[in-house]
Amino acid sequence: MLTVENTIKWLDLFADKVAAEKDYLSELDQAIGDGDHGANMSRGTAAMKEALGKQNFGTVQDVLKTAAMSLLSKIGGASGPLYGSALIGMAKEAGNADTDLTSIVQAGADGIQKRGKAEPGDKTMVDVWLTVLHALKEGKLTDAVIDQAVQATAPLKAKKGRASYLGDRSVGHIDPGAMSSGYLFKCLIAGGIL
Amino acid sequence: MKKIINKPEDVVDEMLDGLVFTSASLIRRLPGTNVILRKQKSEGKVAVVSGGGSGHEPTHAGFVGSGMLAAAVCGPVFTSPTPDQIAAAIKEANQGAGVLLVIKNYSGDIMNFEMAEDLASMDHIEVKHIVVDDDIAVEDSTYTAGKRGVAGTILVHKMMGAAAEAGLSLNELKDLGDQVISSIKTIGVALSAGTVPESGKPGFVLKDNEMEYGVGIHGEPGYRREPIKSSKEIAKELTDKLRDAFKWNASDRYAILVNGLGATPLMEQYIFANDVSEILTKDKIELPFRKVGSYMTSLDMAGISLTLFHLKQDQWLDWLNVPVETTAW
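Every value quoted in this text rests on a predicted model; they were computed, and no experiment measured them.

A look at the domain arrangement of chain B
Residues and elements named next belong to chain B.
Piece 1. Domain annotation of chain B identifies domain 1 (11–181) and domain 2 (185–321).
Piece 2. One C-alpha centre belongs to domain 1, the other to domain 2, and the line joining them spans 23 Å.
Piece 3. With 36 residues of domain 1 in contact, the opposing surface of domain 2 contributes 33 residues.
Piece 4. Taken together, both faces of the contact between domain 1 and domain 2 bury some 2900 Å²; the carbon and sulfur share is 73%.
Piece 5. Among the residues of domain 1 in contact with domain 2, Phe78, Ile136 and Leu155 are the three that bury the most area, contributing 21% of the side total.
Piece 6. One can count zero salt bridges joining domain 1 with domain 2.
Piece 7. Put simply, domain 1 and domain 2 have eleven residue pairs in polar contact (both at pLDDT 80 or more) between them.

Here's the deal with the interface of chain B and chain A
Piece 1. With 14 residues of chain B at the interface, the matching set in chain A holds 19 residues.
Piece 2. Here chain B packs against chain A, burying approximately 1500 Å² in sum over the two surfaces, 66% of which is carbon and sulfur.
Piece 3. Taken as a group, Met111, Met115 and Met122 of chain B account for 37% of the area that chain B buries against chain A, more than any other trio of residues on that side.
Piece 4. Remark: the boundary between chain B and chain A carries four salt bridges.
Piece 5. When the shortest N-O distance is used, the salt bridge between glutamate 114 of chain B and arginine 115 of chain A registers 3.8 Å.
Piece 6. Along the contact surface separating chain B from chain A lie three residue pairs in polar contact (both at pLDDT 80 or more).
Piece 7. Of all elements in the fold, only helix 2 (83–93) and helix 3 (107–122) of chain B reach the threshold of two or more residues within the side of chain B that touches chain A.
Piece 8. By residue number, the principal contributor to the side of chain B that touches chain A is helix 3 of chain B, which donates seven residues.
Piece 9. Class assignment of the residues belonging to the side of chain B that touches chain A gives a composition of seven nonpolar, four polar and three charged.

Let's talk about empty space enclosed by the protein
All names here are of chain B.
Piece 1. Per the counting criterion, the structure on display carries two cavities of 30 Å³ or more.
Piece 2. Lining the largest cavity we find 15 residues, and of these Val150, Val215, Ile217, Leu261 and Ser305 sit closest to its centre.
Piece 3. Contributing elements (two or more residues each) for the lining of the largest cavity: strand 8 (184–192) and strand 13 (302–310).
Piece 4. The element that contributes the greatest number of residues to the lining of the largest cavity is strand 8, accounting for four residues.
Piece 5. Residues of the lining of the largest cavity, tallied by class, amount to nine nonpolar, five polar and one charged.

Notes on the side chain of asparagine 105 of chain B
All names here are of chain B.
Piece 1. Within the fold, asparagine 105 resides in the loop between strand 6 (99–104) and helix 3.
Piece 2. Residue classification places asparagine 105 among the buried residues on the basis of a relative accessible area of 10%.
Piece 3. For asparagine 105, the residues in contact, after removing those within four places along its chain, are Ile110, Val131, Val132, Asp133, Thr144, Ala145, Gly146, Lys147, Arg148 and Gly149.

Examining the packing of aromatic side chains
All names here are of chain B.
Piece 1. For the structure shown, the criterion picks out ten aromatic pairs over all chains.
Piece 2. With centroids separated by 5.6 Å and ring planes inclined at 70°, the aromatic side chains of tryptophan 248 and tyrosine 254 adopt a geometry described as edge-to-face. In this pair, the class of tryptophan 248 matches that of tyrosine 254, namely buried.
Piece 3. Judged by centre distance (6.1 Å) and plane angle (20°), the rings of phenylalanine 289 and tryptophan 329 are stacked. Residue phenylalanine 289 is located in strand 12 (residues 286–293), and its partner tryptophan 329 is located in the segment after strand 14 (325–326); the two are separated by 40 residues in the primary sequence.
Piece 4. We classify tryptophan 329 as partly exposed; its relative accessible area is 23%.
Piece 5. An aromatic cluster is built from Phe63, Phe289, Tyr295 and Trp329, whose rings are joined through pairwise contacts.
Piece 6. One residue, lysine 241, lies across the ring of tyrosine 223, its end atom 4.5 Å from the ring centre.
Piece 7. Geometry around tryptophan 329 places lysine 291 over its ring, the cationic atom sitting 4.0 Å from the centre.

With respect to the sheet that holds strand 5 (residues 71–77) of chain B
All names here are of chain B.
Piece 1. Strand order in the open sheet formed by six strands is 1-2-5-3-6-7, with mixed pairing between adjacent strands. Two strands bound the open sheet, and with one partner strand each, they are strand 1 (27–29) and strand 7 (127–132). Taking the axes of each pair of neighbouring strands and ignoring which way they run, one obtains an average angle of 25° across the sheet.
Piece 2. Contacts between helix 4 (residues 152–165) and the sheet are confined to strand 2 (35–38), strand 3 (47–54), strand 6 and strand 7, with strand 6 contributing the most and set at about 170° to the helix.
Piece 3. Helix 5 (residues 170–181) contacts strand 3, strand 6 and strand 7 of the sheet and is inclined by roughly 5° relative to strand 7.

Quick word on unusual backbone geometry
Piece 1. Residues glutamate 57 of chain B and proline 58 of chain B are joined by a peptide bond in cis, for which omega reads 10°.
Piece 2. Inspection of the secondary structure assignment puts proline 58 of chain B in the loop between strand 3 and strand 4 (65–66).
Piece 3. Note that the residue after threonine 59 of chain B, namely histidine 60 of chain B, is joined by a cis bond; omega there is 0°.
Piece 4. Checked against the element boundaries, histidine 60 of chain B lands in the loop between strand 3 and strand 4.
Piece 5. Phi at lysine 117 of chain A is positive, roughly 60°, even though this residue is not glycine.
Piece 6. Looking at the element boundaries, lysine 117 of chain A is found in the loop between helix 6 (101–116) and helix 7 (125–138).
Piece 7. Non-glycine residue histidine 124 of chain B carries a positive phi angle of around 60°.
Piece 8. Of note, histidine 124 of chain B is situated in the loop between helix 3 and strand 7.

What counts as what
Residues numbered from 1 in each chain as written. Chains lettered and ligands numbered in written order. Predicted model: local features only at pLDDT ≥ 70, side-chain atom pairs only at ≥ 80, totals over all residues. Heavy atoms only, no water. Domains from an automatic or database assignment. Contact = heavy atoms within 4.5 Å. Buried area = accessible area lost by both parts, 1.4 Å probe. Salt bridge = Lys/Arg side-chain N within 4 Å of Asp/Glu carboxyl O. Polar contact = N/O pair within 3.5 Å; in protein donor to acceptor, adjacent residues only side chain to side chain. Helix = DSSP H or I, 4+ residues; strand = E, 2+ residues; numbered from the N terminus. Nonpolar A, V, L, I, M, F, W, Y, C, P; charged D, E, K, R; others polar. 1 Å grid on protein atoms, 1.4 Å probe; cavity = no way out; pocket = protein on both sides within 12 Å on 5 of 7 lines; lining within 4 Å. Points joined across faces, edges and corners; volume = space filled by probe spheres on them. Buried < 20%, exposed > 50% of the residue type's maximum accessible area, 1.4 Å probe, protein only. Phe/Tyr/Trp six-rings, centres within 6.5 Å; stacked < 30°, edge-to-face > 60°. Lys NZ or Arg CZ within 6 Å of the ring centre and 35° of its normal. Pairing = 2+ DSSP bridges. Axes fitted to C-alpha atoms, helices over the stretch in contact; angles between N-to-C directions.

Here's what the structure looks like:
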């Protein structure tokens, strides 16, 4: 179950992970995008961590909403509104009385799909979110499941996002948004929140 | 790169302050943002808000003022503004009757503006949007699914601004906007690329004797490269494409916009306009509204675009002609 404390811990861990892997994320993006995913994500998650450290939060909804506003105002490009929509969706769901982690992640995935209109198999972050969601429902989310979901984007041909412009040339590369989403869920496990 | 700038990372910020200095009686900048607002509010009327990446000046902020845009949100060069900035513009610009967003069809712009629409709805502001996709050169481009939004956008700004001022409701404006957009088509040609200050290099390279038809306003690829032709020949190519797209008949009425892309002098724009007018006169279509100048630019790209707007109703011509108070119309 998400609490104010463990949600902040989760998102702080995510910010640290993105900062550590900033260059790698940009490297992935250079292959099939415009090469700035690491720089953009780390700018956003650093601002998020700062905002989360600055105030006292009463509810998980407030935490997620503050995180969303930081991400959508600082990341830019397409990843900003996509992560922003995910967290806004999660924040709305977190406000419901009898919610749980699975429903909150479901709301995040719905937010991303509503914004980006990607389907499973389009080689985007959606592929990771939906695989994670499925594993959560079955109580079987592990690092290995997440790694596999991220790696599984490599053989796909991109159908949404900047990489889709490359067509067949996108095949063989991991989707950078899938990788950063993978980090988010690995931090859920690392934070002991499951 | 030779440019009259200070630091590349400061260009948008400094440009906006300069713009406000130029038109201080008409516009103001929302503090802490890259949002330009008009000073004169029209209470009880729908507010029309637009924006997008910078580098297309005078679009979009140059069209903020009475009778046109209530606000413009200015992103980094060729990059969409973020949802928080757009949401701030929506909130400030709202005059109590809701807000219509005019978005150019780029994937990043659409995601950021729609996200802002969601944020505004959490603040209980009624928002709708229309998407301009007037460029008939190519389908699906570097930053676009479908057709790109280019110079015809300024005619949409004018129409929506005038109709909002005339008192149309948000729903009526959206319907009108969709009809207007489907009646506007644009096609262009580039002679050389613009240079984004932060990259310092031209976005693409054409040989000295080359031009490319259908290049986008961010340097996206067009549909054909060939040796540079005369203005008459370019006018024939572009009007042929527009004729195919519109399938017009004699005595149909159109508005015409000849638009410079940034580095093409007015002299060449007038020469080209003259050549287009000869062709359209032969086709016997009527041109009751005419405009020539650099309105939707691509930094210092050399080239020109031709926009035609099928005036299906007399009212539409009236709305194009209503006087406005803006920096650039």
